[in-house]
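One-letter residues, chain by chain:
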Amino acid sequence: MTFDRSIKIAPSILSADFADFGREIQAVEAQGADWVHVDVMDGHFVPNITFGPPAVAAFRKHVKTVMDVHVMIAPVDPFIDAFAKAGADILTAHVEAGPHIHRTLQAIRGAGMKAGVALNPGTPAEAVAHVLDSCDLVCVMTVNPGFGGQKFIDMTAKVRRLRALIGDRPVHVEIDGGVDPTTAPLVAAAGADVLVAGSAVFRGGSVADPAPYGANIRAIRAAAEAALR
């Protein structure tokens, strides 16, 4: 992975057809996805259960871009090596998931992955101020984590604060939750460069008819880039 601040669209496969993940991943990449976002949930830290390392390893065989794995689990540290072996390029842990986020970020990097830290809507930007030199991405949740398809919560002030704290560090600001062509320009203008979108990408398409995926991705990207002009 090389670092740049261009807008990147990361479809969340939580909104894909669960019976056909391989072809869904191939379809969104062929239609212009920059990254593939995988939401891991444990039924403990968040009220839902999704994928574990074996599923992530199965997805890896189909991902040709960047596999961006967001772990909404607690604890995180015992599973870091498993996700590294599964092929995650980026592993993002929540600052709220444990008492030692600095140690967690060190362990993620030590396992050979890029390290991300996520912030729930109620957590201030300052919660990660002292670990910005230890991470490669900050994920701002614009919904409460656990389920796809939720309404966007305006976190633009937090994004602006994070961008100021990050300064010239090579750290991405990712937005996860409720991203669509209406909300994308708000967060892009505030300083976000990675936009996770689930239902807004997969709506209207299928592996048999993937063209709507491409149209949706282009619409989100165009709206975000227009805000930067």
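Just so you know, these numbers come straight off a predicted model, no measurement behind them. (Residues numbered from 1 in each chain as written. Predicted model: local features only at pLDDT ≥ 70, side-chain atom pairs only at ≥ 80, totals over all residues. Heavy atoms only, no water.)

**Regarding the pattern of salt bridges**
1) Next: Scanning all chains against the criterion turns up nine salt bridges.
2) Next: Residues arginine 109 and aspartate 136 are paired through a salt bridge, measuring 3.1 Å at the closest nitrogen-oxygen approach. Residue arginine 109 is found in helix α4 (residues 101-110), and its partner aspartate 136 is found in the loop between β5 (114-119) and β6 (137-141); the two are separated by 27 residues along the sequence.
3) Next: For aspartate 136, a relative accessible area of 13% translates into the label buried.
4) Next: One continuous salt-bridge network, built from bridges that share partners, spans Asp4, Lys8, Arg163 and Asp193. (Salt bridge = Lys/Arg side-chain N within 4 Å of Asp/Glu carboxyl O. Helix = DSSP H or I, 4+ residues; strand = E, 2+ residues; numbered from the N terminus. Buried < 20%, exposed > 50% of the residue type's maximum accessible area, 1.4 Å probe, protein only.)

**Observations regarding the layout of surface pockets**
1) Next: What the largest pocket holds in volume is close to 330 Å³.
2) Next: For the lining of the largest pocket, the secondary structure elements donating two or more residues are β2 (35-41), β8 (194-197) and α7 (199-202).
3) Next: Class assignment for the residues of the lining of the largest pocket results in eleven nonpolar, eleven polar and four charged. (1 Å grid on protein atoms, 1.4 Å probe; cavity = no way out; pocket = protein on both sides within 12 Å on 5 of 7 lines; lining within 4 Å. Points joined across faces, edges and corners; volume = space filled by probe spheres on them. Nonpolar A, V, L, I, M, F, W, Y, C, P; charged D, E, K, R; others polar.)

**Brief notes about the sheet that holds strand β1 (residues 8-11)**
1) Next: Strand order across the open sheet formed by eight strands is β1-β8-β7-β6-β5-β4-β3-β2, with parallel pairing between neighbours. Both outer strands of the open sheet, β1 and β2, are each paired with one neighbouring strand and no more. Across the sheet, the axes of successive neighbouring strands diverge by a mean angle of 25°, strand direction being ignored.
2) Next: Across four bridges, strand β3 (residues 66-72) lies against strand β4 (residues 90-94) in parallel orientation. Counterpart to valine 71 in the pairing with β4 is alanine 93.
3) Next: Against the sheet, α4 touches β4 and β5, its axis set at about 150° to β5. (Pairing = 2+ DSSP bridges. Axes fitted to C-alpha atoms, helices over the stretch in contact; angles between N-to-C directions. Contact = heavy atoms within 4.5 Å.)

**Brief notes about the environment of isoleucine 217**
1) Next: With respect to the helices, strands and loops of the structure, isoleucine 217 is situated in helix α8 (residues 211-226).
2) Next: Looking at isoleucine 217, the relative accessible area reads 1%, which means it is buried.
3) Next: Placed 29 residues apart in sequence, isoleucine 217 and alanine 188 show a C-alpha to C-alpha distance of 15 Å.
4) Next: Apart from residues no more than four positions distant in its own chain, isoleucine 217 is found in contact with Ile9, Pro11, Val28, Gln31, Gly32, Ala33 and Val201.

Fair warning: the whole summary comes from geometry, so function is off the table for now.
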